[in-house]
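Close look at the chain arrangement
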Amino acid sequence: MAPRVQLEKAAWRWVENVKPEEITQEHIELAYRINLPACKRGACRRNCKGNPNCLVGIGEQAWLGEIDENTFHNIDDPNSERRDKNTFVGLTNLGATCYVNTFLQVWFHNLELRRILYQCHNSRAQEHDTETDYDPQSISEHLQYLFALLQNSNRKYIDPSGLVKALGLDTGQQQDAQEFSKLFLSLLEDTLSKQKNPNLQNVIQQQFCGQFFYVTECDQCGRSSALPSRFYELELNIQGHKNLTECITEFLKEEKLDGENRYFCESCQSKQNATRRIKLNSLPPTLNLQLMRFVFDRQTGHKKKLNTFISFPEQLDMEPFLEARPGQKSVYELSAVLIHRGISAYSGHYIAHVKDALTGDWYKFNDEEIEKMEGKKLQLGIEEDIAEAVKSQSRKPKCSKGYHCSRNAYMLVYKVQAEEHLEPSETSVEVPAFLQRLVDRDNHRFEEWCMEMSDMRKQSVDKGKAKHEEVKELYELLPARDGEQYEFIPLDWLKKWLDDSTATKEIDTSLFLCTHGKLHPDKVGDCKRVSLQAADLLYRRYGGGPRLDGSSLCRDCVSWRCRVLRLKNQLNEDFKEVSNLVKRSLSGEGYWVGKASLRSWRQLALEQLEEDEHEGKLSDGQTNGQGPHTNNIKEFSSELSGNTEEEMKTFNEDILCSHGGLCILEAERKLVSPEVWSKLREYFPKAPEFTEKQEPCRQCLTLEQEEKDNEAVSKMMALDQKNQLLNLFHEKNRPMLSKWPQNTDVLYVVPLFFVEEWRKFIRRPTKSSPVSNVGNSLLLCPHGGFMFTYDSLISGEAQHSALAQRVGSHQQTLHRGSGHIHPLPPREHRGLHPPVHHPARAVLGLQGELFVPAAEGPQRV
């Protein structure tokens, strides 16, 4: 289909040969493009807005053919939030809390810790009414509820925000994971120590606490001293090492104490060289090994991460590192590996690989996502493929069977090897009844939410299917066939009807009406012509109106547009004729026309036609120039004239003075021949008419003469004052207090503002008003005294000052040698009004310098 502009021109091409009074129904249908051929599907890339019969590309593509029911809703399947069978529950990442989630999963899989926590007294949970939300308070209460949900919740993941908030953690800032582990165990230990049950008070020590001795031996006398110390984790340096054994060996190696670090021996009673080492005395059931990947860089003053590969075994024998103790279990099995992915100590992501204590299967815990490893082996390979490549990075070493290598592992958790035959009570942990009630309530709420989401999905699908059937039915009925009745429906409404994401409102055609209550010809491009049957169905289902059928084609608007378009062609010819006639020499009597009017008469002619149409034909109460066609006529006008001058309302008003006569400025008007004026008069019969013999306005001439006389008086006054006060005008030979003028006993003061205004008048007497007031009240303080002191005048604080002869009543005088000003302000106010930045700066003048008469005279000094 042709572009919209071409369709617009084609719809009105007939006006060249048809006068407004000759318009027929055929011409009206051409203007409304009733008979334009409809576009076929696939012929248009987008809808043809200039063709009311084009129903392609309005959104129908999404509805024609078979549709997947999932397109009818944007609600995810609630079952995707359900916990998978035989797997664990994840934890929501609240922003930057992945490090917290990893530790919680590791501690949850410590069966002994979980069992002990379930035994903690919790009267709040035991007495809680399941009809209201449970709100844990203490750390142990939060952990109890969280572990119970992790164990028996139906959800795929749960929200740990209650515990995180109780710990006072910033969810948007990643904390030091190793430091968090120490602080949390310490806090948990303090919380459990307050339990009444003695079996619970020392559970943290029993599970995580070991002991070593700092043994120092004097090189002189051989005396040995041992200082016991508890530990909850061993902090192992990894720099320069390749495997875990090397790291533990360095941790226990001897240290020489010499020089400034010599040891004070109690036996020798003096400082002696000595040897110090750590001796492991006892190990806990759960052995936490911190690999010190995050170290302080002295050069940069910041922490950095050591991306060093460290090899560690699945089974760790600690016997070589222990002091001989009968019955001490020393063989440990790997139960968890905590990973930090990233090359920076200040960013990255934390995940945990944890071994299920019941099945021996390995799982990867990544916040909400949980993945079971294939087989029963730990797999770290993918975790070593960090996105950011590390410069000068060594290749991953080959690992022996039963060993793993990692450059991202920062904590290893080993558990003492369990006996082969354990009681069922030691391998399983049951959730207490009081906690299970809370879990059941949460599961019930989750199931209700799933049902609600499923119902919403079903409703959306049912609604979408119904809409699909409606669209398929109505779209086939939309095209209006030749000779059948039709109606116009707004295009925008049809698009929204076919857009399922928005609610379909009633059909509103009120914005498409002309002043006669019918369809405006200019709006036909924003409507679509549909069959009467389709229109009836749409209005029956959605309502609205007013309905626009074949009788809504406006003959008056078409006639008006025909007249305007014909006038456009006529104006072009008249404009050329007038332009040529104006260039010819004038012979005989002429008429005055404003030059501005002459430049814009074509635009004014079109606007005048607009007013005539509304006043004469329409008679619908519209204010002249305010009807719906105003913008259209102005578009024509701008196109015709190209005039950018300020809009003019009446032709020839630019040479009409305020008294209704001919303006006196002859440069703004031009004489034109009677032939030109006759042509213009046809368009502007009410325009002011001035013949060549018409005299300019007498009142304007009188005012002009008065203005000239006033200017002459001002010039004479300025010249006279300048001659009298020449030195003051040129700022020459001004008196100074520091160098008192000879034969002068009295000086006078006037404001600088007055002198500046006076000079403006002298320089431009016709542009500035004469100065009528000296205004010396500016030099007075609020108490009526002179605001300058004699000292301030001498020191130059009143440097913008001069003296003048006394004129008027308010005087300030200064006699030679007196050293002060009369009359003085009260003593307590002297010097309190510094004049440097005050508007009442002063000017000094000699006696004999005379100013214009003033209401307030200069101040005598």
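Residues numbered from 1 in each chain as written. Predicted model: local features only at pLDDT ≥ 70, side-chain atom pairs only at ≥ 80, totals over all residues. Heavy atoms only, no water.

**Looking at the packing of aromatic side chains**
Each aromatic ring pair is specified by the distance between its two centres and by the angle formed by the two planes. All told, the structure shown has 26 aromatic pairs when counted by the stated rule. Taking the centre distance of 6.2 Å and the plane angle of 10° together, the rings of W493 and W497 count as stacked. You can see W493 and its partner W497 sitting in helix α14 (residues 491-498), four residues apart, about one turn around the helix. This pair shows no difference in class: W493 is buried, exactly as W497 is. With a centroid separation of 4.5 Å and an interplanar angle of 0°, the aromatic rings of F651 and F684 are classed as stacked. With a gap of 33 residues between them, F651 in the loop between α19 (630-641) and β27 (669-672) and F684 in the loop between α20 (674-683) and α21 (698-724) connect regions that are remote in the sequence. For the pair shown, F651 and F684 are each scored as buried. Among the aromatic side chains, those forming a connected cluster through ring pairs are Y99, F103, W107, F180, F184, F294, Y350 and Y410. (Phe/Tyr/Trp six-rings, centres within 6.5 Å; stacked < 30°, edge-to-face > 60°. Helix = DSSP H or I, 4+ residues; strand = E, 2+ residues; numbered from the N terminus. Buried < 20%, exposed > 50% of the residue type's maximum accessible area, 1.4 Å probe, protein only.)

**Remarks on the nonpolar core**
Counting residues in each nonpolar core, the largest one holds 59 residues, and the members touching the most others are W107, L143, L188 and L338. Of all hydrophobic cores here, the second largest spans 35 residues; its members include L252, L287, L289 and L412. (Core = buried A, V, L, I, M, F, W, Y, C linked by side-chain atoms within 4.5 Å.)

**Topic: the state of the cysteines**
Using the criterion set out here, one finds zero disulfides in the structure. The thiol sulfur of C218 is not disulfide-bonded, and the nearest other cysteine sulfur, from C265, lies at 3.8 Å. The exposure class assigned to C218 is buried, which follows from its relative accessible area of 2%. As a non-bridged cysteine, C700 has C697 as the owner of its nearest cysteine sulfur, 3.7 Å distant. Among the residues examined, C700 registers a relative accessible area of 15% and is labelled buried. (Disulfide = S-S within 2.5 Å.)

**Quick notes on the sheet that holds strand β3 (residues 210-218)**
Taken in spatial order, the four strands line up as β4-β3-β9-β6 in an open sheet, and their pairing is antiparallel. Here the strands that pair on one side only, and so sit at the sheet edges, are β4 (224-231) and β6 (255-257). Within the sheet, the average angular offset between the axes of one strand and its neighbour, ignoring direction, is 30°. Judged from the eight bridges that link them, β3 and strand β9 (residues 274-282) form a sheet pairing that is antiparallel. When the bridges of β9 are listed, T216 appears paired with R276. (Pairing = 2+ DSSP bridges. Axes fitted to C-alpha atoms, helices over the stretch in contact; angles between N-to-C directions.)

**Concerning the sheet that holds strand β23 (residues 527-531)**
Hydrogen bonding along the main chain pairs the strands of a sheet, whether they run parallel or antiparallel. Here three strands make up an open sheet; going across it, the order is β23-β21-β25 and the pairing antiparallel. Looking at the sheet topology across the chains shown, the edges are occupied by β23 and β25 (548-549). The pairing of strand β21 (residues 486-490) with β23 spans five bridges and is antiparallel. Its bridge partner being in β23, E487 is matched across the sheet by V530. Across the sheet, α14 is in contact with β21 and β23; its angle to β21 comes to roughly 75°. (Contact = heavy atoms within 4.5 Å.)

**Focus: the environment of S138**
Mapped onto the secondary structure, S138 falls in the loop between α5 (123-126) and α6 (139-152). S138 sits in the partly exposed class, given a relative accessible area of 26%. Along the chain, S138 and N122 lie 16 residues apart, while their C-alpha atoms are 9.6 Å from each other. A distance of 3.1 Å separates polar atoms of two side chains, one belonging to S138 and the other to S140. (Polar contact = N/O pair within 3.5 Å; in protein donor to acceptor, adjacent residues only side chain to side chain.)

**Some words on the pairing of strand β18 (residues 369-372)**
Two strands pair when backbone bridges link them, and strand β17 (residues 362-366) and β18 are joined in this way by four bridges, in the antiparallel orientation. The residue bridging F365 from the neighbouring strand is I370, located in β18.

**Description of helix α23 (residues 752-763)**
The terminal C-alpha atoms of α23 lie 17 Å apart, and with twelve residues this matches the ideal 16 Å at 1.5 Å per residue to within 8%. Those residues of α23 that fall on the buried side of the exposure criterion are L752, F754, V755, W758, R759, F761 and I762. (Expected span 1.5 Å × (residues − 1).)

**Observations regarding α14**
Among all positions of α14, only L491, W493, L494, W497 and L498 are buried. For α14, the arc enclosing every buried residue in end-on projection is 160°, short of the 170-degree limit, so these residues lie on one face. Turning to α14, the residues buried within the fold contact α13 (433-477), β21, β22 (507-508), β23 and α15 (532-542). (Arc of directions from axis to C-beta.)

**Remarks on the confidence of the model for the chain**
Of the residues in the chain, 81% have a pLDDT of 70 or more, and the chain-wide mean is 79. In the model, residues 799-841 has pLDDT below 50 throughout and makes 132 contacts with residues more than four positions away in sequence or in other chains. Here residues 846-857 is a poorly scored stretch, pLDDT under 50, and it has 45 contacts once near neighbours within four places are set aside; other chains count. (pLDDT = per-residue confidence, 0-100.)

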